[in-house]
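For reference, the chains in residue letters:
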Amino acid sequence: QVQLVESGGGLVQAGGSLRLSCAASGRTFYAMGWQRQAPGKEREFVAAINWSLGSTYYADSAKGRFTISRDSAKNTVYLQMNSLKPEDTAVYYCAAARLPSILTMPSKYDYWGQGTQVTVSS
């Protein structure tokens, strides 16, 4: 049974930092990523990492501020978020893809975590 368990969300002031973690179990994946959904908006891609190669992909809104990384020994993916802005406020979801796909599309992911709230105050 596949499980993705997120942690690390919370409330932070604008300009601050948070690190999200997602521990995966049950199988290995082609890639893992982070998506987010703000109230009244569609779920959007944030960042992804190819599990074997370590290559990374970012949404324009995340480039230069967010860093995705993985710890293969712990089967865990991280999202370090710096210089946070109020517009980053959303529920952040960890997701995993079984096979090669277009990683910038949330619909291409096969497994999802329960989500963790990130709130950035101005």
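What counts, and at which threshold
- Numbering of residues starts from 1 in each chain and follows the order in which that chain's sequence is written.
- The predicted origin of the model limits local features to residues at a pLDDT of at least 70 and limits the giving and counting of side-chain atom pairs to 80 or more, whereas totals for whole chains, interfaces and linings rest on all residues.
- The basis for every side-chain value is the complete set of heavy atoms in the structure, and neither hydrogens nor water enter the calculation.
- Throughout this description, the term nonpolar core refers to a set of buried Ala, Val, Leu, Ile, Met, Phe, Trp, Tyr and Cys residues connected via side-chain atoms within 4.5 Å.
- Think of it in three bands: residues with accessible area under 20% of the maximum for their type are buried, residues over 50% are exposed, and the middle band is partly exposed, with areas taken using a 1.4 Å probe on protein chains only.
- Each helix is a run of DSSP H or I of at least 4 residues and each strand a run of E of at least 2, with the numbering of both proceeding from the N terminus.
- A contact between two residues is defined here by any heavy atoms of the two lying within 4.5 Å.
- Here a pair means two rings of Phe, Tyr or Trp (six-membered ring of Trp) with centres within 6.5 Å. Their orientation is stacked below 30 degrees between planes, edge-to-face above 60, and tilted elsewhere.
- Our definition puts a charge over a ring when NZ of Lys or CZ of Arg is within 6 Å of the ring centre and also within 35 degrees of the ring normal.

A.B. asks: It is not clear to me how the nonpolar core should be interpreted in this structure. Could you clarify?
C.D. replies: Generally speaking, nonpolar side chains in soluble globular proteins are found buried as a group. Counting 27 residues, the largest nonpolar core has M32, W34, V77, L79, M81 and Y92 as its most contacted members. Elements that contribute at least two residues to this core include exactly strand 3 (18–25), strand 4 (31–37), strand 5 (44–50), strand 7 (66–71), strand 8 (76–81), strand 9 (90–97) and strand 11 (116–121). Apart from the residues lying within four places of it in its own chain, the contact partners of V77 are L20, S21, C22, M32, W34, I49, W51, I68, S69, R70 and C94.

A.B. asks: What am I meant to see in the packing of aromatic side chains here?
C.D. replies: Aromatic rings considered in pairs are described by the distance between their centres and by the relative angle of their planes. Taken as a whole and judged by the stated rule, the model has 3 aromatic pairs. On the basis of an interplanar angle of 75 degrees and a centroid distance of 6.2 Å, the ring pair of Y93 and W112 is categorised as edge-to-face. Of this pair, Y93 sits in strand 9 while W112 is found in strand 10 (residues 111–112), placing the two residues 19 residues apart along the sequence. For W112, a relative accessible area of 29% corresponds to the partly exposed category. With 6.2 Å between their ring centres and 65 degrees between their planes, Y109 and W112 make a pair best called edge-to-face. When its relative accessible area of 5% is taken as the criterion, Y109 is described as buried. Taken together through their ring pairs, the aromatic side chains of Y93, Y109 and W112 make up a single cluster. Here the basic side chain of R43 rests over the ring of Y93, its NZ or CZ set 3.8 Å away from the ring centre.

In short, the description is geometric, and any link to function would need to be established separately.
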